[in-house]
Amino acid sequence: MFRRGLLVVLSGPSGVGKNTLLNLLLARMAGIRYSISATTRPPRAGERDGVDYFFFEPEKFLAMADAGELLEWAHFCGHYYGTPRSYVEGSIARGTDVILDIDTQGAALLKKKLLEGVFVFLMPPSWQALEQRIRGRGKDTEESIKERLNRAREEIDHLSDYQYVILNDDLERAVGELEAIILAERCKVVRNDVAGFLAAFFAKN
Ligand code: ADP
Ligand code: 5GP
C-alpha cells in the first residue's frame, strides 16, 4: 500500500541522547533516513561535514534561508540551525520516512506547516543525569555547557506540545519505544493510500 513518508521530529534538551538514540535506530530500522541539518556552529571533535551537519558560514546559511531552501530554521545558543528542504520533501514524496533532530522552536514552526508530522520529545531521567551527560560527552566548552543547560529548561517547557514522550534512562528501551511509535504511525489508515489499494483489490475479483 503506498503512503507518503513520515516526518518524524525528535526534540529534547541538549545532551539527553538524541544523537545516540538516532544512530541506534537508523542501524536497525529500514525505510527511514536522517535529515542532516545545516549549521553555523563550528564542528566538535570528530564531527564531519556532510555527515553530522553541513557546516556553513552565517552568510551562506542566511542566503539559503532567504532563498526558501530551509524547511525551518532557528537560532540556538548563539548559532543558526536549519533543515534543508529538498532532501526532506523528496524523501517523503517517494514514501521514505525522514527523522529530524531539531529544537523546540523549529518543531513549533513545522507543527504549524505540517499536519502529518510525528512529534517526539526525549526526556532525561533527571536534571543531574542531563548535566552528567553533557559533561561526560566531553566536547563542549564550559561556557557552551552552561548555555545549553540554561536553554534545557526552555526546551523542557515545551514537552506538552509534543505527541509522544520517551524517557531516556535505559537506551535500549528508549530505542524500542521510538521504533514502536514509528511502526504504529506507519500503520495508520489515514497515512496510507487505502482508496488506491481497495480499487486494485476489488478490480481483481
Ligand atoms: P544530544 O544529541 O541529545 O545532544 P548525545 O547523543 O550527544 O545527546 O548524548 C550525550 C551523552 O549522553 C553521550 O555521551 C551519550 O553517550 C550519553 N547517553 C545517551 N543516552 C544515554 C543513556 N540512556 N544513558 C547514559 N548515557 C547516555
Ligand atoms: P548541537 O549543537 O548540540 O548539535 O545541537 C543543538 C540543538 O540544535 C539541538 O537541540 C538540536 O536538536 C538542534 N538542531 C539541530 N539541527 C537543527 C535544525 O536543523 N533545526 C533546528 N531548529 N534545530 C536543530
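An account of the accompanying structure is given in this report. Within every chain, residues take consecutive numbers counted from 1 along the sequence as written. Each chain gets a letter, beginning with A, and each ligand a number, beginning with 1, in the order they are written. Selection of residues for local features in this predicted model requires a pLDDT of at least 70, selection of side-chain atom pairs for listing and counting requires 80 or more, and totals for whole chains, interfaces and linings are taken over all residues. As a rule here, side-chain values come from all non-hydrogen atoms in the structure, and water together with hydrogens is ignored.

**Describing helix α5 (residues 127–137)**
Each α-helix turn comprises 3.6 residues. Residues three or four places apart therefore point the same way.
Part 1: Inspection of α5 places A129, L130 and I134 among the buried residues, and these make up the whole buried set. Mapping the buried residues of α5 onto a view down its axis gives an arc of 130 degrees, with all of them on the same face. Across α5 from its buried face, at more than 90 degrees, point the exposed residues Q128, Q132 and G136.
Part 2: Looking at the buried residues of α5, the elements they touch are α6 (142–157).
Part 3: Only DSSP runs of H or I reaching four residues or more are called helices, and only runs of E reaching two or more are called strands; each is numbered from the N terminus. Following α5 by one or two positions, G138 has its phi on the positive side, about 70 degrees. The buried label goes to any residue with under 20% of its type's maximum accessible area, the exposed label to any with over 50%, and the partly exposed label to all in between, with areas taken from a 1.4 Å probe on protein chains only. In this context, the arc is that of the directions from the helix axis out to the C-beta atoms. Throughout, a residue-residue contact means that at least one pair of heavy atoms, one from each residue, lies within 4.5 Å.

**Some details on the packing of aromatic side chains**
Part 1: We call Phe, Tyr and Trp rings a pair once their centres come within 6.5 Å, taking the six-membered ring for Trp, and we label the pair stacked below 30 degrees between planes, edge-to-face above 60, and tilted otherwise. For the structure on display, the rule yields 11 aromatic pairs.
Part 2: Measuring from centroid to centroid gives 6.0 Å for F61 and W73, while their planes differ by 75 degrees, and the two rings are edge-to-face. Highlighted residues: F61 in helix α2 (residues 58–66) and W73 in strand β5 (residues 70–76), separated in sequence by 12 residues.
Part 3: Residue classification places F61 among the buried residues on the basis of a relative accessible area of 0%.
Part 4: Seen from their ring centres, F197 and F201 are 6.0 Å apart, and the 40 degrees between their planes marks the pair as tilted. Taken together, the positions of F197 and F201, both in helix α8 (residues 194–203) and four residues apart, correspond to about one turn of that helix.
Part 5: The partly exposed category is assigned to F201, whose relative accessible area is 42%.
Part 6: One aromatic cluster is present, built from ring pairs that chain together Y53, F55, F76 and Y81.
Part 7: The ring of W127 is capped by R153, whose NZ or CZ atom sits 4.4 Å from the centre of that ring. Both a distance and an angle decide whether a charge sits over a ring: NZ of Lys or CZ of Arg must be within 6 Å of the ring centre and within 35 degrees of the ring normal.

**Notes on the sheet that holds strand β3 (residues 38–39)**
By way of backbone hydrogen bonds, the strands of a sheet pair with one another, either parallel or antiparallel.
Part 1: Ordered by their spatial adjacency, four strands build an open sheet running β4-β3-β6-β5, and the pairing between neighbours is mixed. Whereas interior strands pair on both sides, the edge strands pair on one side only; in this sheet they are β4 (54–55) and β5.
Part 2: Contacts between α2 and the sheet are confined to β3, β5 and β6 (79–84), with β5 contributing the most and set at about 135 degrees to the helix.
Part 3: Here helix α3 (residues 85–93) sits on the sheet and contacts β5 and β6; the angle it forms with β6, its principal contact strand, is near 30 degrees. If DSSP finds at least two bridges between two strands, the strands pair. All axes are obtained by fitting lines to C-alpha atoms, using only the stretch in contact for helices, and the reported angles, taken between N-to-C directions, cover 0 to 180 degrees.

These values are about where atoms sit, not about what they do.
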